[in-house]
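Notes for the structure review
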Amino acid sequence: MTGHRFRSLIGGLALSCALALPVAAQNFPDRPIRLIVPFGPGGGTDLIARIVAERAGAALGQQMLVENRPGGGATVGIVAMAQSRPDGYTLAVCPPICATAQSLYNPPPFNAERDLAPVISPAELPLVLVVPKSLGVTDAQGLLQRARQARQGLAFASPGAGSSGHLAAEVFHRASGTQMVHVPYRSGAAALTDIVAGRVDFYFDTVASALAQIRAGEVVALGVTGTSRVPQLPDVPTMGEAGVRGFDFPSPRLRVVAPAGTPAPVLARLNAAFQAALADPALQARILEAGGKPAGGTAEETRTELNEEAGRFGRLIREIGITAE
């Protein structure tokens, strides 16, 4: 084959691919979409994913099938998604690990900026500071007073090094100026069990996880992350309202992501479907019932938020010297 014919063939193939993208986007989706949840079934993230997937699939005219792929501190499912064909038919719900993996792991299992194409942020997952009922503390100032009096410092639980609960507690630790001891657990459920039993002093849990125990009076809620109170706990102040100066920790977000290289028209189609789903008051109510706060935004806004969160958490992880266990 001559050089001219070869260049003509390559040029023709490139033109065909470029022309095919708008057609693929116009026809997208023509089959069910897989939404990977990097946790086991039954948790808050899984429940919110299923609520949103049902409505977004309806908006797309196709089923959106949830697949649970737990493991590796939620990285297994994200890696599986990132390695899939970038055609919009494999997505994942990305927990905060997408903003922290680059700083926590050496080498990191994926690079959020290089490997992920954000679609939307369907919900925030506010954290709530809880203590055992047996501790006898009713507000954040009371907890800080206990911390000042404790000779060896208070012990705080987390569902693992570098988790949102761990990072929030480290910010609280810094703001308090007192001695505190980190007690990591294998799961959030195990950490909450020991909080209820009074084996550790405090825990930044997700509202989704702790809500039942708070309402049952098994633990005491002292404050929530973010800049506004959460509808599920209207009487619980933000950490700022509770008088904890220097506590700056926005509520973590869930994000729907696709593999890098997914065509922009497909991402736009997916974003529009999720936006339509999130505009439904009934769906918003269900997210609130599951312990989340409805969010939203364009794909570009979601990318910006993820990059900002990765930078903020990355600095904290490096300053403290946290590594994945």
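Anyway, here's the lowdown on the structure attached to this text. (Residues numbered from 1 in each chain as written. Predicted model: local features only at pLDDT ≥ 70, side-chain atom pairs only at ≥ 80, totals over all residues. Heavy atoms only, no water.)

**Quick notes on the environment of Gly177**
Applied cut-off: Under the DSSP-based scheme used, a helix requires at least four consecutive residues in state H or I and a strand at least two consecutive residues in state E, with every element numbered from the N terminus. Think of it in three bands: with a 1.4 Å probe and only protein chains considered, a residue is buried below 20% of the maximum accessible area for its type, exposed above 50%, and partly exposed in between.
Looking at the secondary structure, you find Gly177 in the loop between helix H7 (164–176) and strand S7 (180–184). Taking the relative accessible area as the measure of exposure, Gly177 reaches 69% and is therefore exposed. Spatially, the C-alpha atom of Gly177 lies 32 Å from that of Ala216, the residues being 39 residues apart in sequence.

**Considerations on the sheet that holds strand S6 (residues 154–158)**
The line we're drawing: DSSP-based pairing: two strands are paired if at least 2 bridges between them are found. Inter-axis angles, ranging from 0 to 180 degrees, are taken between N-to-C directions of lines fitted to C-alpha atoms, where helices are fitted over the stretch in contact. Residue contacts are counted whenever heavy atoms from the two residues lie within 4.5 Å of one another.
Strand order in the open sheet formed by 5 strands is S7-S6-S8-S5-S9, and the pairing between neighbours is mixed. Of all the strands in the sheet, just S7 and strand S9 (219–224) have a single pairing partner and so form its edges. Put simply, the sheet's adjacent strands are angled 30° from each other on average, direction ignored. Note: S6 against strand S8 (residues 202–206), 2 bridges, orientation parallel. Paired with Ala157 across the two strands is Tyr203, which belongs to S8. Helix-sheet contacts for H7 involve strand S5 (127–132), S6, S7 and S8, and the interaxial angle to S8 is about 135°. Contacting S5, S6, S8 and S9, helix H8 (residues 188–197) crosses the sheet at an angle of about 135° to S8.

**Let's talk about the pattern of salt bridges**
Working definition: two side chains of opposite charge can pair if their charged atoms are close together. To keep it simple, the criterion reads: A side-chain nitrogen of Lys or Arg and a carboxyl oxygen of Asp or Glu constitute a salt bridge if their distance falls within 4 Å.
Within the structure shown, the criterion is met by 14 salt bridges. For Arg31, the salt bridge identified is with Asp30, shortest N-O distance 3.6 Å. Its salt-bridge partner being Arg34, residue Glu67 comes within 3.2 Å of it at the nearest N-O pair. With Glu67 in strand S2 (residues 64–68) and Arg34 in strand S1 (residues 33–37), this pair connects stretches of sequence that are 33 residues apart. Overall, the relative accessible area of 24% leaves Glu67 in the partly exposed class. Where salt bridges share partners, they join Asp30, Arg31 and Asp87 into one cluster.

**Quick word on the state of the cysteines**
The condition that has to hold: Cysteine sulfur atoms that pair up within 2.5 Å are treated as a disulfide.
Applying the stated criterion across every chain, the model contains 1 disulfide. Two residues share a disulfide in this structure: Cys94 and Cys98, whose sulfurs sit 1.3 Å from each other. Of note, the bridge from Cys94 to Cys98 carries an S-S torsion of about -45° and is left-handed in sense. Owing to a relative accessible area of 4%, Cys98 belongs among the buried residues under this scheme.

**Section: the nonpolar core**
Using the following cut-off: Definition used in this section: a nonpolar core is a set of buried Ala, Val, Leu, Ile, Met, Phe, Trp, Tyr and Cys residues joined via side-chain atoms within 4.5 Å.
Judged by nonpolar contacts, the single largest core of 47 residues is most densely connected at Leu116, Leu143, Phe172, Phe202 and Phe204. Beyond its immediate chain neighbours, meaning those up to four positions away, Leu116 contacts Ile78, Met81, Ala82, Cys94, Cys98, Phe110, Asn111, Val257, Ala258, Ala260 and Arg303. In this structure, Ile48, Ala56, Phe274 and Ile287 belong to the second largest nonpolar core, which totals 33 residues.

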